[in-house]
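Residues per chain, in single letters:
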Amino acid sequence: MRKTIILLSILFLASCKTQKSITETKVAEKRAAVILKPEEVAIVKKDRAYELGKRVLEACNTSRFKAFTTIEATDKVIANATAEKISATCQKIILRNGKFIGLNLIEIVHNELTDEYFFRYDIKYEKPLFKRELRVTINSDNKVSAISTKEIKSKPF
């Protein structure tokens, strides 16, 4: 009986220690992401994120998409950003939001562990009923490693 109590208390202490180190790891990961001011980011990264994001969204208005090059984007992004996929996505967005008008930078987040920059843009459309956001990720090689749009739900007061 005594051995069982000692064993259970050792297991309990070990599990508490495990939980503490997991929490410390999560705190360290949160510190790795830093919100930056636009002046603190290299012009090359800012321009690449803006131009390639704008190129994809303008393809919805013109129905012409200039494919990304290997200098501009990673192979994964190039494979996923085909004219067919963009056209299908654009049809849905145009029905709901109207024509694309412009982009406004919301924030830039730098992940110091992976050296990636995450650019968030507010997308302006003809119909301001549904708010959408563009997210562009630039990796350490100054290439777009991810690009996506997302509808933002308005939060109730």
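Scroll up for the structure.
This is a predicted model, so every value here is computed, not measured. (Residues numbered from 1 in each chain as written. Predicted model: local features only at pLDDT ≥ 70, side-chain atom pairs only at ≥ 80, totals over all residues. Heavy atoms only, no water.)

A.B. asks: Explain the overall build of the protein here, please?
C.D. replies: Counting secondary structure elements, the protein contains four helices and five strands. Element order for the protein, N to C, with α for helix and β for strand: α-β-α-α-α-β-β-β-β. With 157 residues in all, the protein has 29% of them scored as buried. Across the protein, the fraction of contacts at a sequence separation of at least 24, relative to all contacts at a separation of at least 6, is 51%. (Helix = DSSP H or I, 4+ residues; strand = E, 2+ residues; numbered from the N terminus. Buried < 20%, exposed > 50% of the residue type's maximum accessible area, 1.4 Å probe, protein only. Contact = heavy atoms within 4.5 Å.)

A.B. asks: Hey, could you run me through the environment of L113 in this one?
C.D. replies: As for its position among the elements, L113 is in the loop between β2 (100–111) and β3 (116–125). For L113, a relative accessible area of 66% corresponds to the exposed category. Once the C-alpha coordinates of L113 and A32 are considered, the two residues, 81 residues apart in sequence, prove to be 6.0 Å apart.

A.B. asks: Please clarify how the pattern of salt bridges should be interpreted in this entry.
C.D. replies: Once the charged atoms of two side chains with opposite charge are near each other, the side chains can pair. In this structure the tally under the stated criterion is nine salt bridges. Between R132 and E151 there is a salt bridge, with the nearest N and O atoms lying 3.8 Å from each other. With R132 in strand β4 (residues 131–138) and E151 in strand β5 (residues 144–152), this pair connects stretches of sequence that are 19 residues apart. Here the residues in one salt-bridge network are R96, R132, E151 and K153, joined through shared partners. (Salt bridge = Lys/Arg side-chain N within 4 Å of Asp/Glu carboxyl O.)

A.B. asks: What am I meant to see in the side chain of R55 here?
C.D. replies: Here R55 shows up in helix α2 (residues 43–62). A residue is classified by how much of its surface remains accessible, and R55, at 17% relative accessible area, is buried. Engagement of the side chain of R55 in a polar contact is seen with the backbone oxygen of K66, the distance being 3.0 Å. In this view, R55 contacts F65, K66, A67, F68 and E72; residues no more than four positions away in its chain are not counted. (Polar contact = N/O pair within 3.5 Å; in protein donor to acceptor, adjacent residues only side chain to side chain.)

A.B. asks: I tried to follow the pairing of β2 on my own but got confused; where do I start?
C.D. replies: In regular strands, side chains alternate between the two faces of the sheet. Judged from the four bridges that link them, strand β1 (residues 33–36) and β2 form a sheet pairing that is antiparallel. Looking at β2, one finds that I35 is bridged to V109. Between β2 and β3, which pair antiparallel in sequence order, lie four residues; one of them, D115, sits at a positive phi of approximately 60°. (Pairing = 2+ DSSP bridges.)

A.B. asks: In this structure, what is going on with unusual backbone geometry? I would like to understand it.
C.D. replies: With glycine set apart, most residues show a phi of negative sign, and most peptide bonds adopt trans. At D115, a residue that is not glycine, the phi angle is positive and equals roughly 60°. You can see D115 is positioned in the loop between β2 and β3.

A.B. asks: How do you make sense of the packing of α2 against helix α4 (residues 83–97) when you look at a structure like this?
C.D. replies: Each pair of packed helices can be described by the angle between their axes along with the distance between the axes. Packing of α2 against α4 leaves a shortest axis separation of 9 Å and a crossing angle of 70°. The angle between the axes of α2 and α4 places the two elements in the roughly perpendicular class. Contacts from V56, A59 and C60 in α2 reach I86, C90 and I94 in α4. (Axes fitted to C-alpha atoms, helices over the stretch in contact; angles between N-to-C directions. Parallel < 35°, antiparallel > 145°, perpendicular 65-115°, else oblique.)

A.B. asks: Help me understand the side chain of E72 in this model?
C.D. replies: Structurally, the position occupied by E72 is in the loop between α2 and α3 (75–80). At a separation of 2.7 Å, a polar atom in the side chain of E72 contacts the side chain of R55. With residues up to four places along the chain from it excluded, the contact list for E72 reads R48, L52, R55, A67, N142, K143 and V144.

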